[in-house]
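# Observations on chain architecture
Listed below, chain by chain, are the residues.
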Amino acid sequence: MIFIDACFRKPTPYTPIWMMRQAGRYLPEYMAVREKAGDFLNLCKNPKLACEVTLQPVDILGVDAAILFSDILVIPLEMGMDLKFIKGKGPIFPEPLKDESQLCALDENAHLKLTYVYDTIKLIREKLANDKALIGFTGSPWTLATYMIEGQGTKVYNIIKKEIYKNPKFIHKLLKIVTQTVKLYLEEQIKSGVNAVQIFDSWAAALEEDKYLEFSWSYIQEICTYIKSKYPHIPIIVFPKSVPAYLDKLDGDFDVLGIDWGTPMEFAKDKIGDKFVLQGNLEPARLYSKEAIDDGVQKIVDVMKNEGHIFNLGHGMIPDLPVENAKYLVKRVQELTKR
Ligand code: 1CP
């Protein structure tokens, strides 16, 4: 698999490409299946339909890897927290966690309840071409804990940050519980057939450096060490979004570091060198224009020089991007980087 070889810095015929949120609303075929499922969570819980939307971008765009269709928030959901996806607003936990006394109610066997995810993986791996990789994923403990405490996406993170400075023991206790579940969840995904895993730390930029290393990165490292010691052949990708200032301090037992679009690739390469393969980082909004794609791809390829690189966007696809341009991007990268 070209994608897996690239994760391990082995020679490949071209630089592989996939896109974060490659399954989603910009594809009419996705909208049709979501309609059939009723709503987003039903889609995640229906292995046949989740498999179908996972395969769509592979068939339509020709990307080199599929990413499991699910959501990071199924973990808190199966830990027992009510989760709603509100149209136009995104995910909401109507009853977020308030204090330490509520932690004992979280189900520590959540990984055993996520069988619909494992069934989806088995189905996808049966149907996906042998030369295409299947990427499993999880949210980082920090990003998941933020949703569990804030109840929804936030721009200021004031509720969880208040706890970090006033009551750090509470947050560490929560992070420990979530970390344990994430380890076992990724392990089950691997046993079910994923070929690589990505840890999304979408809310990495919420914290100052030392707090980030303490409350997020240390738990990511623990997960990487656990997975690598048991499954060294499975590449681990970590994506700590928007933390360029201390990229060089992000060490650990993983293979690929995801770079967001706000961090110049040249800057990342300077900081990281050959320590990790880099994944990224086209600004997603460039997909609105073919000229902007050409220009952006060329700049990234010039920096990465077809080595130690997996092409991706620097964050997720935007729902109204033209499908035609996404196809164009994939073709452009695969042609331009041909060895
Ligand atoms: O159909 C719809 O309207 C739902 C939109 C949607 C989709 C397509 C959501 C709700 N989740 C997903 C799928 C999803 N989520 C995938 C599938 C695979 C793929 O990439 O194709 C993945 C990997 C995720 C991961 C995810 N969910 C993250 C991490 C990545 C990131 O974007 O930073 C986060 C933060 C979430 C939470 C979430 N779920 C959905 C939305 C709209 C959000 C973000 C909301 C917010 O900003 O708080």
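Whatever comes next refers back to the structure up there.
Each value, and the rule that gives it
- Residues numbered from 1 in each chain as written.
- Predicted model: local features only at pLDDT ≥ 70, side-chain atom pairs only at ≥ 80, totals over all residues.
- Heavy atoms only, no water.
- Helix = DSSP H or I, 4+ residues; strand = E, 2+ residues; numbered from the N terminus.
- Rg over C-alpha atoms; globule rule 2.2 N^0.38 Å.
- Buried < 20%, exposed > 50% of the residue type's maximum accessible area, 1.4 Å probe, protein only.
- Contact = heavy atoms within 4.5 Å.
- Areas by Shrake-Rupley, 256 points an atom, 1.4 Å probe, with all protein chains shown as cover.
- Lys, Arg positive; Asp, Glu negative; His and termini not counted.
- Charge placed at Lys NZ, Arg CZ, Asp CG, Glu CD.
- Phe/Tyr/Trp six-rings, centres within 6.5 Å; stacked < 30°, edge-to-face > 60°.
- Core = buried A, V, L, I, M, F, W, Y, C linked by side-chain atoms within 4.5 Å.
- Axes fitted to C-alpha atoms, helices over the stretch in contact; angles between N-to-C directions.
- Parallel < 35°, antiparallel > 145°, perpendicular 65-115°, else oblique.
- Left-handed = near helix turned anticlockwise from the far one by under 90°.
- Near = heavy atom within 4 Å.
- Polar contact = N/O pair within 3.5 Å; in protein donor to acceptor, adjacent residues only side chain to side chain.
- Nonpolar A, V, L, I, M, F, W, Y, C, P; charged D, E, K, R; others polar.

### A look at the overall build of the protein chain
Counting its secondary structure elements, the protein chain contains 14 helices and nine strands. Taking 339 residues into account, the globule formula puts the C-alpha radius of gyration at 20 Å, and the protein chain, at 19 Å, falls close to it. With the principal axes as the frame, the protein chain shows a C-alpha extent of 55 × 45 × 40 Å. The buried share of the protein chain, taken over its 339 residues, is 58%. Considering only contacts in the protein chain between residues 6 or more positions apart, those separated by 24 or more positions represent 73%. Total accessible area on the protein chain is roughly 14,000 Å²; 51% of this is exposed by carbon and sulfur atoms. Across the protein chain, the 43 positively charged side chains and the 45 negatively charged ones have centroids separated by 1 Å.

### Quick look at the packing of aromatic side chains
A complete count under the given rule lists 12 aromatic pairs for this structure. Consider the rings of Y30 and F69, whose centres lie 5.6 Å apart with planes at 50°: the pair is tilted. One end of the pair, Y30, is in helix α2 (residues 28-37); the other, F69, is in the loop between β1 (65-67) and α5 (74-78), with 39 residues separating them in the sequence. The exposure class assigned to Y30 is buried, which follows from its relative accessible area of 4%.

### Quick notes on the nonpolar core
Of all hydrophobic cores here, the largest spans 127 residues; its most connected members are F3, W18, M19, L174, V238, L257 and L329. With 10 residues, helix α10 (residues 168-192) is the largest single contributor of residues to this core.

### Some remarks on the packing of helix α12 (residues 265-272) against helix α13 (residues 290-304)
Between α12 and α13, whose axes approach to 9 Å, the crossing angle comes to 20°. In terms of their interaxial angle, α12 and α13 are classed as roughly parallel. Relative to α13, the crossing made by α12 is right-handed. Along the contact surface, α12 presents M265, E266 and K269, while α13 presents I300, V303 and M304.

### Considerations on the site of the ligand
In the region of the ligand, 23 residues are neighbours, and R21, Y30, R34, Y147 and S202 sit closest. R21 has a polar backbone atom sitting 2.7 Å from an oxygen atom of the ligand. Between the ligand and A23, the relevant distance is 3.0 Å, taken from an oxygen atom to a main-chain nitrogen or oxygen of the residue. Relative to its unbound accessible surface of 880 Å², the ligand loses 88% to contact with the protein. In terms of residue class, the shell around the ligand is built from 14 nonpolar, five polar and four charged.

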